[in-house]
Every structure is written in C-alpha cells, then in structure tokens.
Amino acid sequence: MSILIRGGTVVTAEGTLDADVLIVGEKIAAVLARGSATDAATFAAAGAAADAEPDADVLIDAIGKYVIPGGIDGHTHMEMPFGGTFSADTFETGTKAAAWGGTTTIVDFAVQAKGTSLLATLDKWHEKADGNCAIDYGFHMIVSDVNDATLKEMESCIGAGVTSFKMFMAYPGVFYATDGEILLAMQQASRSGATIMMHAENGIAIDQLVAQAIAAGHTDPVYHGLTRPPELEGEATSRAITLARVADCPLYIVHLSAAHALAAVAAARDAGQNVFAETCPQYLYLSLDDLARPDFEGAKFVASPPLRTPDHSAALWRGLRTNDLSIVSTDHCPFCFKEQKELGRGDFSKIPNGMPGVEHRMDLLHQGVVAGEITLSRWVETCATTPARMFGLYPRKGVIAAGADADVVVYDPAAKQTLSAATHHMNVDYSAYEGMEITGKVDVTISRGRVVVADGEFRGAAGQGTFLPRDLNQYLL
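The structure presented is a predicted model; accordingly, all values stated were derived computationally and were not measured.

### Observations concerning the nonpolar core
General note: in soluble globular proteins, nonpolar side chains tend to be found buried as a group.
Here's step 1: Ranked by internal contacts, the top residues of the largest apolar core, which has 126 residues, are Met 186, Ile 196, Met 198, Leu 251 and Trp 379.
Here's step 2: Per-element tally for this core: the top contributor is helix 8 (residues 230–247), with seven residues.
Here's step 3: The contacts of Leu 251, once residues within four sequence positions are left out, are Met 186, Thr 195, Ile 196, Met 198, Ala 240, Ile 241, Ala 244, Asn 274, Val 275 and Phe 276.
Here's step 4: Among the nonpolar cores identified, the runner-up in size contains 20 residues, and Val 10, Val 21, Val 67 and Ile 400 belong to it.

This is the structure we're talking about:
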C-alpha cells in the first residue's frame, strides 16, 4: 500500500517543513517540500511525472496538522511481576494503547529473577510479546543476579539485539545490587559499549525510613514519598555516576524525579562523561500532593522514585530545555486501584509501585509546547528522535526521512481532549490525569506503513508489531 500525507507541517528534531510525505510499503519513500523545485528523480521513483502529484492508494489530509515521527517509549513494563501481582497491561493491550497515543515503538524490560540466566529470561519475554504486539518493540535486560555466568551472558544478549542493561540501587532483597556488583557489570558493559541503566535510589537507607514510618503508625500512601526523600535519589545518582566513571561505562539514569539527581547528571555531562537521563510525565505534572489525597486515593500515584514537590518539576522542565534530560519515557507500569493498589491498605510499603502513562506521553509533552516549556522540535526530539539514537534504532526509527520506517503520526495541535479512565485504552481502572484538559490529539497513527489509528477507531491488530534488535547507543563520546 502507498499513502500520501498532504498539506501538513513536518516537525523534526531540527525544525519544521511544509512538506508532503509519501509512504510506499513499510518505508517512507519521499518527503516532498511544497513550494520548491521538485526533484524529478524522486517523483519518478514514486511513480509520477516531475510536475504531478505521486499516485497513492490512500490520501490523508493533514492541513493544519503536524506530521511527526512515531513516538518511541524507551521505558515500559508490560506484564511485569511485582509484589505478588503483575502490571495490568499485557503486550497486546499496552501496545494498542500506545498506538492510540502516537507511540509506534516501545522498549520493554525483560526481568531476570535471581538464580536464572539472562538468555532464559530473554526467551521468556519473547514468549510474552511475540505475536501479541500491535506496534514494534525491543527489550532492555534487568540484571538482578550478578555472577560470572551473568556477566558472560551480557555479551550474548548484545548479539541478540539487547544492548542495555538495567540495575537497581533500590529494592533490597529483590532487584538490589551492591556497589561491587554494579562495578562488575559496568566493567563488562564498558568492554562491549553497552549502556547500563540505573534505578538510582539509596534502597538501604530507604528501607530504614520505611520501617521507622510503619513502626510509628504512618501507613498512608503519602509516606511512600516521605520515606524516599530526594536527597537519597541525588546521593545514589552521584554514586552511580562515580562508579560509571571508574568503569568507563555509559550510564543512563531512568525516571529521574529530583533536582538533586539532575544536578549530578548535569555536572557529569558538563565534564564530558557519557551520562544520560530520562524523566517521565508524572514528574512534570503531578506532585507529592497527589500522594496525599485522602481515602487511600494517593495509592494511585505510588511509583518509585516518588512524586516530588512542584519545585522539582520546574527543575525538570529546565533540564529538558538544556538537554541535561535527554528523553521523556513513561515507566508505564499500571496496577489497578481495585484489588492491586489495595494490597497496600494499612501498609504503604505493600502498594504495587507503578503508574499508567503509555497512552498520554505524546499529548502531555505537547501540552508543554502549548505552555511554552519546550519547543515543537524539542517535543519530537525528546519523544522520538533521541530515544531512537539512544537505543540504537536510528535512522530506522525516530525520523521523517526517505528510507526510514513509515512510523508516522498526524497530530492535531488544536484538538481539545479531557483525559479520563472512561476514555483511555490502557487496561487499568483509573487515570493519573483524570479530568485534565489538554490541547492536542493524535489524528492518525501509522506503524510501518499500516494505518493503526484513524477516525477515532483502532485499525491495527495484535501481531503486527515486530521485534527490533538494537544497536549500541549512538551518543557515546
């Protein structure tokens, strides 16, 4: 099938262009600037004379709309085991919801259990995802058991297209790794050029604060935030940066929420170290006040790191503008309020950690454009182009250019919508942004040349997404 998207404004990480986009099969065939001399060879290759519009099976009117590369969410957790339950979105429901929101690629996390191998873990996650995803997907690997066998398997994972490995300074007894184990994994990653991703919170100290709070009878959800202070995120981030410097290893800080951590990342980047960081929409728009909502409503907002006070949000927006924060991902890890979040009634430490967000990332960051926090190009850069480069998918993904995969979104910047659990497509019974009115909405989502969302309908299918073996981080100095 061929598709011609006419009349829109193409938005890239470099700027905007009045252009039409021609898709043939699964690839972008041409980006045709309007009002300029046309390359006759390009048109001829597209099946038209030099002075005629290319023929196409489908015409999409994008007048007054943006044409952007499909979003890449580099941090999701579909069907993730946590606290005796599983995140509520399957690879099918979660990828469909992502497509509704203009995301055409996710990179999920395969979770190594202690005592198991990385390659067996990867096989298990392939079984979960294969044939079920509506959009393309890749994997990171969570390393929770560092030993000689695991370190050797890291190289095999790279050969299988998994080039980034996540470790935890939090969750003692579950995912936690010691500084020595982290250093060993970083040294192994350094030898191959792989990136270590880090959940940077001081889990040992946090566990003491949690125990003290519960002993004092402080069991409400807000204490999840109060026992994970920003200073302990900043300390762990600084420690991870130091270990990475010793090992000469690329480091990517996941879901950064605190100004303290951001300052450490900014200093490392200014010093020329290969340190990168992402934040998430919840840390830009929500706050500790949401965790303090009465009648256990705050449980809906329990995630780690926790929501912070508004001054941290302001710092994060600045970090996005200065590129100290490189990417906006979601850490999409939804647990229903009923039966799942309620596991922590009377003990906040038992509330499953995670929030839904994969459907609304593009919209929420566009709201940042509307509010003047970031530019249009920065919106595309943080949500699509930089993730493609960071996770070894560029130039196949993250760009509107001839030869790239035809992952294209037509976005209506003037449309109004109200976010709500009643209208979202994620498999979770609440919205973290219930009632929030925003400007901008996806009009059409195209995944590798297939229209998967249009006219308010889902037109894709489970199994249309394909696994993406990834190359190394393309930003390494």
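### Some details on the packing of aromatic side chains
Here's step 1: Tallied over the full model, the rule gives 15 aromatic pairs.
Here's step 2: Pairing Phe 82 with Phe 335 gives two aromatic rings, centres 6.3 Å apart and planes at 50°, and the pair type is tilted. Note that Phe 82 is positioned in strand 8 (residues 81–82) and Phe 335 in the loop between strand 16 (327–328) and helix 13 (361–370), a separation of 253 residues in sequence.
Here's step 3: Ring pairing ties together the aromatic residues Phe 82, Phe 168, Tyr 171, Phe 175 and Phe 335, which thus form one cluster.
Here's step 4: Lying over the aromatic face of Phe 337, Lys 300 brings its terminal NZ or CZ to 5.0 Å of the ring centre.
Here's step 5: It is Arg 389 that lies over the ring of Tyr 394; its NZ or CZ is 4.1 Å from the centre.

### Notes on the side chain of Ser 431
Here's step 1: Looking at the element boundaries, Ser 431 is found in the loop between strand 17 (408–418) and strand 18 (437–447).
Here's step 2: Taking relative accessible area as the criterion, Ser 431 reaches 9% and is therefore assigned buried.
Here's step 3: Engagement of the side chain of Ser 431 in a polar contact is seen with the backbone nitrogen of Tyr 433, the distance being 3.0 Å.
Here's step 4: With residues up to four places along the chain from it excluded, the contact list for Ser 431 reads Ser 420, Ala 421 and His 424.

### Some words on the pattern of salt bridges
Here's step 1: Applying the stated criterion across every chain yields a total of 23 salt bridges.
Here's step 2: Where Lys 338 meets Glu 342, a salt bridge forms, and the shortest distance between an N and an O atom there is 3.9 Å.
Here's step 3: Overall, Glu 342 belongs to the partly exposed group, its relative accessible area being 23%.
Here's step 4: Between Asp 407 and Lys 397 there is a salt bridge; the shortest N-O distance is 2.7 Å. Taken together, the positions of Asp 407 in the loop between helix 14 (376–390) and strand 17 and Lys 397 in the loop between helix 14 and strand 17 put the pair 10 residues apart, joining distant regions of the chain. As far as the burial class goes, Asp 407 and Lys 397 line up, both buried.

About the criteria used
- Residues numbered from 1 in each chain as written.
- Predicted model: local features only at pLDDT ≥ 70, side-chain atom pairs only at ≥ 80, totals over all residues.
- Heavy atoms only, no water.
- Core = buried A, V, L, I, M, F, W, Y, C linked by side-chain atoms within 4.5 Å.
- Buried < 20%, exposed > 50% of the residue type's maximum accessible area, 1.4 Å probe, protein only.
- Helix = DSSP H or I, 4+ residues; strand = E, 2+ residues; numbered from the N terminus.
- Contact = heavy atoms within 4.5 Å.
- Phe/Tyr/Trp six-rings, centres within 6.5 Å; stacked < 30°, edge-to-face > 60°.
- Lys NZ or Arg CZ within 6 Å of the ring centre and 35° of its normal.
- Polar contact = N/O pair within 3.5 Å; in protein donor to acceptor, adjacent residues only side chain to side chain.
- Salt bridge = Lys/Arg side-chain N within 4 Å of Asp/Glu carboxyl O.

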